[in-house]
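Next come the chains, spelled out residue by residue.
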Amino acid sequence: MRKTLLESLSKRARLTFLSDLHYKPYWPDIYDALKEMEAEDYTLEEWEEAAEYILGKGAGPFDSAESVYRCILQCLKLY
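Cut-off values and rules
- Residues numbered from 1 in each chain as written.
- Predicted model: local features only at pLDDT ≥ 70, side-chain atom pairs only at ≥ 80, totals over all residues.
- Heavy atoms only, no water.
- Helix = DSSP H or I, 4+ residues; strand = E, 2+ residues; numbered from the N terminus.
- Buried < 20%, exposed > 50% of the residue type's maximum accessible area, 1.4 Å probe, protein only.
- Contact = heavy atoms within 4.5 Å.
- Lys, Arg positive; Asp, Glu negative; His and termini not counted.
- Charge placed at Lys NZ, Arg CZ, Asp CG, Glu CD.
- Expected span 1.5 Å × (residues − 1).
- Arc of directions from axis to C-beta.
- Axes fitted to C-alpha atoms, helices over the stretch in contact; angles between N-to-C directions.
- Parallel < 35°, antiparallel > 145°, perpendicular 65-115°, else oblique.
- Left-handed = near helix turned anticlockwise from the far one by under 90°.
- Nonpolar A, V, L, I, M, F, W, Y, C, P; charged D, E, K, R; others polar.

**Remarks on the overall build of the protein**
Phase 1: Looking only at helices and strands, one finds four helices and zero strands in the protein.
Phase 2: On the principal axes, the C-alpha backbone points of the protein span a range of 35 × 30 × 20 Å.
Phase 3: Burial analysis of the protein (79 residues in total) assigns 38% to the buried set.
Phase 4: Considering only intrachain contacts with a sequence separation of at least 6, the fraction spanning at least 24 residues in the protein is 54%.
Phase 5: Taking the average location of the 10 positive side-chain charges in the protein and that of its 15 negative ones, the two points are 6 Å from each other.

**Description of the environment of T43**
Phase 1: Looking at the element boundaries, T43 is found in the loop between α2 (27–35) and α3 (44–55).
Phase 2: Distance in space between the C-alpha atoms of T43 and A65 is 6.1 Å, their sequence separation being 22 residues.

**Details of unusual backbone geometry**
Phase 1: Notably, R14 is not glycine yet its phi reads approximately 60 degrees, a positive angle.
Phase 2: On the secondary structure map, R14 appears in the loop between α1 (5–12) and α2.

**Here we look at α3**
Phase 1: Given a rise of 1.5 Å per residue, twelve residues ought to cover 16 Å, and the 16 Å separating the end C-alpha atoms of α3 matches this to within 8%.
Phase 2: Three or more residues of α3 are buried, namely E46, W47, A50, A51, I54 and L55. Down the axis of α3, the sector holding all buried residues measures 140 degrees, keeping them to one side.
Phase 3: If you follow the buried residues of α3, they end up packed against α1, α2 and α4 (65–78).
Phase 4: Of the residues flanking the end of α3, it is G56, one or two places downstream, whose phi is positive at about 75 degrees.

**As for the packing of α3 against α4**
Phase 1: Their axes nearest at 8 Å, the elements α3 and α4 cross at an angle of 20 degrees. Judged by the angle between their axes, α3 and α4 are roughly parallel. Considering the relative orientation of α3 and α4, their crossing is left-handed. Seen from α3, the contacting residues are L44, W47, E48, A50, A51, I54 and L55; seen from α4, they are A65, V68, Y69, I72, C75 and L76.
Phase 2: Of the residues belonging to the contact of α3 with α4, the class tally is twelve nonpolar, no polar and one charged.

Right under this line is the structure:
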């Protein structure tokens, strides 16, 4: 069974808990982990869920997985 986007991201960022994705001190690690991922490996819905989970807000609307991916990267980079 394939891991969810959030599970994969948490593992790649070497976080202890999935809920660590919420905490800004981990955002540089999450940013680095995201840079190793491809937007097309997950659905638009999975990326939208990840954006809301990590950033704590609804962003969008988005028309593609790539656009959500870039939005998350931009937000994490600004931190």
